[in-house]
Every structure is written in C-alpha cells, then in structure tokens.
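Listed below are the residues making up each chain.
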Amino acid sequence: MDDKRDLLILGGGLVGMTLALAAARKGFTSHVVDRADPEALTAEGFDGRASAISTASWNLFTNIGLADGLEQYGQPISSIAVTDQMKPGRIDFTPQPHEGSLGRMFANRTLRLALFEAAEKEEAIAWHAKSEIVSRSRGEHGVAAELSDGTRLEASLMIGAEGRGSPTREDAGIAVAKWQYEHRAIIAGLTHSKPHGGVAWEIFYPAGPFALLPMQDNEDGTHRSALVWTVSEEDAAGVLKLSDRAFLAEAEKRMGRVLGDLTAAGPRSSFPLGFHHTATITDRRLALVGDAAHGIHPIAGQGLNLGLRDVGALVEVLAEGARLGLDPGDAQLLDRYEKWRGLDSFMVALATDGLTRLFGLPGPAASAIRRFGMGGVQRLPLLKNWFMDEARGVTGDMPELLEA
Amino acid sequence: MPDATVANLTIREDEAAHFGKLAAEWWDPKGSSAMLHRLNPVRLKFIRRAIDMHWASDVEARKPLSGKSALDVGCGAGLLSEPLARLGADVTGVDAAPENIAAASAHAEGAGLDIRYMAGELAAQDIGTFDLVTAMEVLEHVADKRAFMRELAARLAPDGLMILSTPNRTPQSRVLMVGAAEAVGLIPRGTHDWNDFLTPEELRDLLSGAGLTMGEPEGIAFSPVKGLHLSGDLSLNYIVTARRA
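Owing to the predicted nature of the structure, the values given are computational and were not obtained by experimental measurement.

1. Here's the deal with the packing of helix H1 (residues 14-25) of chain A against helix H5 (residues 108-121) of chain A
Residue and element names in this part refer to chain A.
Line of reasoning, step 1. Orientation of H1 relative to H5, taken along the N-to-C sense of each, is 35°, at an axis distance of 10 Å. Relative to H5, H1 is oriented so that their crossing is left-handed. Contacts from Leu14, Met17, Thr18 and Leu21 of H1 reach H5 at Asn108, Leu111, Arg112, Leu115, Phe116, Ala118 and Ala119.
Line of reasoning, step 2. Here the residues of the contact of H1 with H5 are counted per class, giving eight nonpolar, two polar and one charged.

Okay, structure coming up:
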C-alpha cells in the first residue's frame, strides 16, 4: 500500500484523536489505528467517565475548531472545595471573576463524539477503527504497522497513544517505573436534589479521595455530579455489588448533604489506580503521548490535560521542524519533545503522588496536620494561586496550541 | 572488461552495502556526526529566515523554495541537502569525497527525495547557476580560499542568495572547538586546523573580492541550558548571507 503519511498514531482515543486533528490543522497527514469500535465507544452508558478540561486544554480545543460545538455541553467549574473528611479547615479555590473558570466538566462520551465527528470529516486523517496490529517496525527512513487483515500502514513517525498499557511502548522496550496504589476508583453519575453551583469537591479520606465533579443538569432539569470514589482494592468488588440504595447511602455518609438528597446513581464502573512514568518518552522515530508516557493518580483530574499538553508540544515541535525542512521522525525534533515534556509531566506526577500519600496517612494526628496545612494554603494567596494555575494547566512552558 | 560500469557511477552491490553503512554512520544522530546533527536545526532556522527575507515568502509555507534551484557545496551525506529538498528546492549536492556522495545518494533514495549528487571539486563541474548556494562548514577546510570563493560566486544566479557558515578564529574557538571538543570526541579528531579559520572581517573581504556583499553575521553559540543556538556571540562559529554587490 503506497500511502506513506507523516504520522502513524496507534491508539485513537481522546489523546490520539486530538493529536491527529491538531496535526492535521498544521498540515500533517496521519493514519490512526484503534482496535475499538467507535459505535460502541460512543454508545449511551458505555462508560460514565467524565473529564475536567483545563483552560489550557480548552484553548487547544478552540484552536483545532472543536470548542464551538462542545461549549454547550460543558459545565464550568466555578470553584474547588478541598476538605479533610468533611472536617473544618476546608480550602476553597475560587478564582476572581476576571480570572475565568477553573476548567469545564465533560462526559468523555461527549468529547469522543465531537472528536470522532471531526476526524471523519478531516481528509488528512485515515482512520482505521476495529483494527488489530500484528507487527510494528521502525527503521532508518520510516515506520510501519501491519494490521491483521494484511494492510500495511507507513509513515515517518510512530506515536504510541494507547494509554497506560501501551503495547507500542512495550514493543520498544521502554522501561516503566510504576507502582499500584492497590486502590480502585469507582465511577458513577449521581443525581441530587440541590444544585452543585459549579463546585467540585475533593474530600480526602485515609482510604483515598472522594471527588464530586459538577456536570450539566439532566434534560429533565435534575442536577448531576460525577462521582470518583477511591476505595481499597479489596473493598472495590463489594462497593460495585451494592444495591443502588445502599450505594447512595454509603456515598452520603462520605459527602454529607452538600448536594441535598441523592436520588439516583448511574451505572458503576471501576478503574485500578496507579502511577507510572516512563524512563523516556521517545525512541527512534517514536514518540509516546498521554497515559502511554505517564499515568497519574486521578486525584487532581489532570491525566487527560497532561496528555493534551503532550499533543500541543509534539505538534508544535513537528510544525517548527516542517518549517525547517526536517522529517517528522527527525531525532533532533524528538529530542526537543523529550526535553519539553519528559520533565514537566514527571513534576505533575510527583506532585499528585505526594498529595495522595499525604492524604492516605491514617490517624487523627495526620489529619490534624493536613487540616493545619490546608488552613495555611487557604491563607497564602500565592500558594493558592499556584494550585489554581496548576488546575487550569497554565504553569510550565505552554505549547502555542494551548494558548488563547 | 574490468568494471567498466564504475566509470558511469553505477555502483557494485558490495560497494552499495558499504556506502549504505557509511550513510547510516553519517545519519546516526548519536554517532560521529552528532555535533552536525545538533547544529542542523540551528543553522536551518537561520536559513529559513534568510529565505523568507530574500524572497519575501510566507513564514508558514511548507515549500518556500518551490521552483528554485539550490546548490549545497560540501554536502557530506546530505544533512542539509535533504531539508532543502523538502522545502521545495531542486537540489544539487557536491562533495569532494566520492564515498560521501554515494552515502548521500543512498540516504536520499531511502528517504524518497530526488536530489542530484555529484562527486569532485566544484571547479570541475559545469552545472550552471543556482538561486540558492550554501557552503556550510566548508571554508575552513579549503586550501585556496580565494579561488574557492570565485567558484562559489560563479554558481550564484544574479538575484541569488548565498549562505555560509564557518568557525571564527578566536581564542575561544581554539580552546573549545579544536581543543576540548576534539579531546572528548564531540568532534572527530583532526577535523579542524585552527589556523584555517576565518574571522567575519576576513570573510567579508574574501566575499567582496568575489563581487559579493556580506549580510550581518549571526553567531552559533553553545550554552549548557540552551545547547547550540543562534546568538549575537560570534566567537565560536557564525553563519551569514551574501548576495551579488
């Protein structure tokens, strides 16, 4: 098959497909390969996951022309409330009106629908869904992947975007440092009687954080939040099996009545929590993006945002290279991407890992120290602003595509 | 008839393998040409800006050299010739060493780029004139600089653009480029003779003797944080444009 493209993107999820679109806007052609069936991925109720889209990520969606269509589905986060087991001493991150929102909440399904629709219309993207890869190769002049139906796809640069278990990364023999928290995140949509007022709650318990993320109201006007509840591995099965009524009662024990009565819970799913970081995010004619390169605890909701920053940085590096006549697989370009994203994502990963460990310490003494610490953050505007900027994703060296 | 094919540059299979290996060495970003690879994006940045200024091209255009011819003198294995071809130029690469030319041809073919490579001295080639003439890190290796500059000037089209880069003859370049870099293997030993280096003033005179006007030189400096980068500091290496007076 003589259709050599610029990029061979393995993994067409949120990060991989955003990359294909952002690259297309800069004139790069791509193959996008994913084993999943897009119909199933965008079916109602496929997964209840939601993502906080930071201001920086939102700028990226704006720059690639997705924001207009998505705007109506986003729930702006007006403030973030952080508490230790609902005890006094909470920190509120509320930006001034001129500072804009802390991010927007979207159902992942909404994001996928928008991305898939845009990708289908984009001529520069050749999308190979429901495709299994049987072999990958990277050579002096290009890269290739062979699909199970015998199709051979060729390009200049291979990109691993399959998420945390990235087979492309494994294939390249890139070492991964990882540890499991031995915890799972239980995900469910909650319907509640009181409006959330755009507030995102992070309630810390020794077993792990209990987060409530504001979602847009249901069509019938009832109020909704997405729940991310961290439980220990051995408790997860039990929590998943609870009846709806028992589940809601357990949830209410942990969140009090901040959202009034809990009236319904959507389908529950769970994901293992872990932290991983790769020794390197590039190799010969290979770049890793998103969770393939680094996975972090979802405590701060930054996983997708980090991946989208990878996208912005990689596309900027490739576009600058193209202006200089350099091949997309050029080692000097990949070196720049490595230096830019390797360290930045590691800092965020370390910070969130530190938070998780800090809040995971049991006992009243640890709790007192945490509340004392939170009181300190509450009173120190500089530190608070840093946390808010981090949540917005505007710290560090920002790729142009993520700027307004 | 012994190897009559060699005369018309058809290369035997074992030789092709040898040149393929040589090309792989040249193009290995961590190999003996590592410094040149790192230098490449830096000098290309200067070249791109010079192209956009000279021909008033769109700074975002993918092929600003489309429809233009380019001559890359001292092309080695094509580290600069290939980007120039991607920028749209019809490129001719010349190098004195036939094995470099064979390596360059092998690599360009693999990359799917149509570049004309020629081995031998520039003076011996009857190839007409070019819109863009480049000679990167070449002057310092040339014995008769005046004669070489006349040859370069003769290949430049009347409205053409010439771009040259070369190390400066300063105490810094003596210590860093010839001393330290060769001692630690960053630059292959014996690559440079410091006495052959040209100061920007000497280059200006040399160009003017060949009927060319030199532009404002820019330095290629090194810092541990930024690596190699364009700078106002000309003490190590510099890059400059020239055009007909």
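On we go.
2. Some points on the environment of Asn195(B)
Line of reasoning, step 1. Tracing the sequence through the fold places Asn195(B) in the loop between helix H7 (171-183) and helix H8 (200-209).
Line of reasoning, step 2. Judged by relative accessible area, which is 55%, Asn195(B) ranks as exposed.

3. Concerning the packing of aromatic side chains
Line of reasoning, step 1. If you walk through the whole model with that rule in mind, you get five aromatic pairs over all chains.
Line of reasoning, step 2. Their ring planes at 65° and their centres at 5.6 Å tell us that Phe210(A) and Trp229(A) sit as a pair that is edge-to-face. Here Trp229(A) lies in strand S15 (residues 223-232) and Phe210(A) lies in strand S14 (residues 208-215), a separation of 19 residues in the sequence.
Line of reasoning, step 3. For Phe210(A), a relative accessible area of 0% gives the class buried.
Line of reasoning, step 4. On the basis of an interplanar angle of 40° and a centroid distance of 5.8 Å, the ring pair of Trp229(A) and Phe247(A) is categorised as tilted. Here Trp229(A), found in strand S15, pairs with Phe247(A), found in helix H8 (residues 244-255); they are 18 residues apart in sequence, far enough to count as distant. Per residue, the accessibility class of Trp229(A) equals that of Phe247(A), and both read buried.
Line of reasoning, step 5. One aromatic cluster in this structure is built from Trp58(A), Phe61(A) and Phe106(A).
Line of reasoning, step 6. Across the ring face of Phe247(A), the terminal group of Arg268(A) is positioned such that the distance to the ring centre comes to 4.1 Å.
Line of reasoning, step 7. Across the ring face of Phe28(A), the terminal group of Arg62(B) is positioned such that the distance to the ring centre comes to 4.3 Å.

4. What to know about the interface of chain A and chain B
Line of reasoning, step 1. At the junction of the two partners, chain A supplies 14 residues and chain B supplies 19 residues.
Line of reasoning, step 2. For the pair chain A and chain B, the summed buried surface comes to about 1,400 Å²; carbon and sulfur atoms form 53% of the total.
Line of reasoning, step 3. Of all residues in chain A, Arg323(A), Leu324(A) and Gln332(A) bury the most surface against chain B, accounting for 43% of the area lost on that side.
Line of reasoning, step 4. The interface formed by chain A and chain B includes one salt bridge.
Line of reasoning, step 5. Close ionic contact of Arg323(A) with Asp52(B) constitutes a salt bridge, the shortest N to O distance being 3.7 Å.
Line of reasoning, step 6. Only helix H9 (303-323) and helix H10 (331-359) of chain A provide two or more residues apiece to the side of chain A that touches chain B.
Line of reasoning, step 7. Considering only residue class, the side of chain A that touches chain B consists of five nonpolar, four polar and five charged.

5. Quick word on the side chain of Ser30(A)
Residues and elements named next belong to chain A.
Line of reasoning, step 1. Inspection of the secondary structure puts Ser30 in strand S2 (residues 30-33).
Line of reasoning, step 2. For Ser30, a relative accessible area of 0% translates into the label buried.
Line of reasoning, step 3. Once residues within four sequence positions are removed from consideration, Ser30 is found in contact with Arg5, Leu7, Ile9, Ala20, Ala124, Ile125 and Ala126.

6. A closer look at the sheet that holds strand S7 (residues 104-107) of chain A
All names here are of chain A.
Line of reasoning, step 1. Strand order across the open sheet formed by three strands is S3-S7-S4, with antiparallel pairing between neighbours. Where the open sheet ends on each side, the last strands, each with one partner, are strand S3 (50-53) and strand S4 (75-76).
Line of reasoning, step 2. Where S3 meets S7, four bridges bridge the pair, whose relative direction is antiparallel. Bridging across to S7, Ala50 finds its partner in Ala107.

7. Observations concerning a negative patch on the surface
Line of reasoning, step 1. Taken together, the side chains of Glu400(A), Glu403(A), Asp58(B) and Glu60(B) make up a negatively charged region of the molecular surface.
Line of reasoning, step 2. Topologically, Glu400(A) is positioned in the segment after helix H12 (381-392).

8. What about the pairing of strand S8 (residues 227-231) of chain B?
All names here are of chain B.
Line of reasoning, step 1. The element S8 is extensively covered by neighbouring structure, given that four of its five residues are classed as buried.
Line of reasoning, step 2. Sheet topology places strand S7 (residues 218-223) next to S8; five bridges connect them, and they run antiparallel. The residue bridging Gly219 from the neighbouring strand is Ser231, located in S8.

9. Observations regarding the UniProt feature "binding site: S-adenosyl-L-methionine" (unreviewed entry) in chain B
Residue and element names in this part refer to chain B.
Line of reasoning, step 1. As recorded in UniProt, the feature "binding site: S-adenosyl-L-methionine" (unreviewed entry) lies at Arg43, Gly74, Asp95 and Met136.
Line of reasoning, step 2. Along the chain, Gly74 falls in the loop between strand S1 (69-73) and helix H4 (81-86).
Line of reasoning, step 3. Judged by its relative accessible area of 31%, Gly74 falls in the partly exposed class.
Line of reasoning, step 4. Once residues lying within four places of it in the same chain are set aside, the contact partners of Gly74 are Val94, Asp95 and Val138.
Line of reasoning, step 5. Tracing the backbone through its elements, the reader meets Met136 in strand S4 (residues 130-136).

Here is what the cut-offs are and how they apply
- Counting from 1, residues in each chain are numbered in the order their sequence is written.
- Here the convention is simple: chains get letters from A, ligands get numbers from 1, in the order in which they are written.
- Residue-level local features of this predicted model are given only where pLDDT is at least 70; pairs of side-chain atoms are given and counted only at 80 or more, and the full residue set underlies all totals for whole chains, interfaces and linings.
- Remark: hydrogens and water are excluded; side-chain values derive from all non-hydrogen atoms of the structure.
- A fitted line through C-alpha atoms represents every axis, and for helices the fit uses only the stretch in contact; the resulting angles, taken between N-to-C directions, go from 0 to 180 degrees.
- Secondary structure elements are defined from DSSP: runs of H or I of at least 4 residues count as helices, runs of E of at least 2 residues count as strands, and each element is numbered from the N terminus.
- Crossings are assigned a handedness: left-handed for a near helix turned anticlockwise from the far helix by less than a right angle, right-handed for a clockwise turn.
- In what follows, residue pairs with any heavy atoms lying within 4.5 Å of each other are defined as contacts.
- Residues are grouped as follows: Ala, Val, Leu, Ile, Met, Phe, Trp, Tyr, Cys and Pro are nonpolar; Asp, Glu, Lys and Arg are charged; every other residue, Gly included, is polar.
- Exposure is judged per residue with a 1.4 Å probe applied to protein chains only, and the accessible area is read against the type maximum: over 50% gives exposed, under 20% gives buried, and values in between give partly exposed.
- Here a pair means two rings of Phe, Tyr or Trp (six-membered ring of Trp) with centres within 6.5 Å. Their orientation is stacked below 30 degrees between planes, edge-to-face above 60, and tilted elsewhere.
- A ring has a charge above it when a Lys NZ or an Arg CZ is no more than 6 Å from the ring centre and no more than 35 degrees off the ring normal.
- What counts as buried area is the accessible surface, traced by a 1.4 Å probe, that two parts surrender upon association, with contributions from both included.
- Here a salt bridge means any side-chain nitrogen of Lys or Arg lying within 4 Å of a carboxyl oxygen belonging to Asp or Glu.
- Paired strands, in this sense, are two strands between which DSSP finds at least two bridges.
- Like charges within 9 Å and nonpolar side chains (Val, Leu, Ile, Met, Phe, Trp, Tyr) within 5 Å are joined into patches, using only residues over 30% in relative accessible area that form no salt bridge.
- Computed with a 1.4 Å probe, the accessible areas rest on the Shrake-Rupley method; for each residue, only the protein chains presented here act as cover.
- The convention is simple: Lys and Arg are positive, Asp and Glu are negative, and His and the chain ends are not counted.
- Charge coordinates come from a single atom per side chain, which is NZ of Lys, CZ of Arg, CG of Asp or CD of Glu.
- UniProt positions are given in the numbering used here, feature names are shortened, and annotations may be inferred rather than shown by experiment.

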